[in-house]
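# Examining the three-dimensional arrangement
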Amino acid sequence: MGKVYVFDHPLIQHKLTYIRDKNTGTKEFRELVDEVGTLMAFEITRDMPLEEIDVETPVQTAKAKVLSGKKIALVPILRAGLGMVEGVLKLIPAAKVGHIGLYRDPETLKPVEYYVKLPTDVEEREFIVVDPMLATGGSAVEAIYALKKRGAKNIKFMCLIAAPEGVEVMQEAHPDVDIYIAALDEKLNDHGYIIPGLGDAGDRLFGTK
Ligand code: PRP
Ligand code: URA
């Protein structure tokens, strides 16, 4: 079963409150999502493996550590996932970025795939899939199937807010994928929106309706 990590760092929680606030406008919403993306990237990279190398300081040779694990690929689920990309890249600037385009059919709430573009060396990379919302879980589950179908083996999923329903669906479909969230909310409403949530992440990020 995939583990669920809630990043309860005070800065993340503070910024998330203003992301939730309906009075936060598009510009500030975008900036805050970007900032939380960076803070979450700091937390999600905690377990990255290190190796020791020799480095010449101006004084003498020292044993020091550098990253040694798999290279990262970041995959936003379009479109709202795009809002987290730049923030994560601030800490992992060499990551490659793939894209998976999915939208939820408003009637069925089922995800519909419309675009997939990934780095060529899929099997060599550790993937971090990003999307602000994990609601019914349909989009994340489909996105991760799309990655696995193309050879991805090592996948993490990171979002701002998750509903318990979405977490359960994800854990069932992808028990090998750990989930990293800033908040686990109460439930879904009848329209598949997270309560209390933040509303429609894509619309709030891009100023659409
Ligand atoms: C939102 C959100 C997730 C999805 C979550 O995207 O960004 O991708 O809904 O819901 P789920 O867990 O029930 O699948 P949406 O479909 O609204 O598309 P958008 O990003 O283009 O706005
Ligand atoms: N997608 C969103 O953007 N918000 C929700 O609450 C649920 C799905």
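Residues numbered from 1 in each chain as written. Chains lettered and ligands numbered in written order. Predicted model: local features only at pLDDT ≥ 70, side-chain atom pairs only at ≥ 80, totals over all residues. Heavy atoms only, no water.

## A short note on the site of ligand 1
Lining the immediate surroundings of ligand 1 are 14 residues, of which Arg104, Asp131, Thr136, Gly137 and Ser139 lie closest. A distance of 2.4 Å separates an oxygen atom of ligand 1 from a polar side-chain atom of aspartate 131. Protein coverage of the free-state accessible area of ligand 1, which is 500 Å², stands at 91%. Counting residues per element, the ones that place at least two in the shell around ligand 1 are strand E6 (99-104), strand E9 (133-134) and helix H4 (138-149). Residue composition of the shell around ligand 1, by class: six nonpolar, five polar and three charged. (Near = heavy atom within 4 Å. Polar contact = N/O pair within 3.5 Å; in protein donor to acceptor, adjacent residues only side chain to side chain. Areas by Shrake-Rupley, 256 points an atom, 1.4 Å probe, with all protein chains shown as cover. Helix = DSSP H or I, 4+ residues; strand = E, 2+ residues; numbered from the N terminus. Nonpolar A, V, L, I, M, F, W, Y, C, P; charged D, E, K, R; others polar.)

## Some remarks on the side chain of aspartate 203
Checked against the element boundaries, aspartate 203 lands in helix H6 (residues 201-206). With relative accessibility at 15%, the residue aspartate 203 sits in the buried group. Aspartate 203 has contacts with Arg79, Thr208 and Lys209, leaving out every residue within four places of it along the chain. (Buried < 20%, exposed > 50% of the residue type's maximum accessible area, 1.4 Å probe, protein only. Contact = heavy atoms within 4.5 Å.)

## Here's the deal with the environment of aspartate 34
One can find aspartate 34 in helix H2 (residues 26-44). A residue is classified by how much of its surface remains accessible, and aspartate 34, at 14% relative accessible area, is buried. In this structure, the C-alpha to C-alpha distance between aspartate 34 and glutamate 86, residues 52 residues apart in sequence, is 6.5 Å. Within the structure, the side chain of aspartate 34 is placed 2.4 Å from the side chain of lysine 90, a separation counted as a polar contact.

## Looking at the UniProt feature "binding site: uracil" (unreviewed entry) in the chain
The UniProt record annotates "binding site: uracil" (unreviewed entry) at Ile194, Gly199, Asp200 and Ala201. The topology assignment puts isoleucine 194 in strand E13 (residues 194-195). Not counting residues within four places of it along the chain, the set of residues in contact with isoleucine 194 comprises Met133, Leu134, Ala135, Ile161, Ala162, Ala163, Asp185, Lys187 and Leu188. Inspection of the secondary structure assignment puts aspartate 200 in the loop between E13 and H6. Aspartate 200 gets classed as partly exposed once you look at its relative accessible area, which sits at 25%. Sequence-distant contacts of aspartate 200, defined by excluding residues within four places in its chain, comprise Arg79 and Tyr193. Engagement of the side chain of aspartate 200 in a polar contact is seen with the backbone nitrogen of glycine 202, the distance being 3.0 Å. (UniProt positions renumbered as here; feature names shortened; annotations may be inferred.)

## Digging into the site of ligand 2
Every residue close to ligand 2 is listed here: Arg104, Met133, Ala135, Gly192, Tyr193, Ile194, Gly199, Asp200 and Ala201. Contacts to ligand 2 include glycine 199, whose backbone N or O atom sits 2.8 Å from a nitrogen atom. For ligand 2, whose unbound accessible area comes to 240 Å², protein coverage reaches 89%. Looking at the shell around ligand 2 residue by residue, the classes come out as five nonpolar, two polar and two charged.

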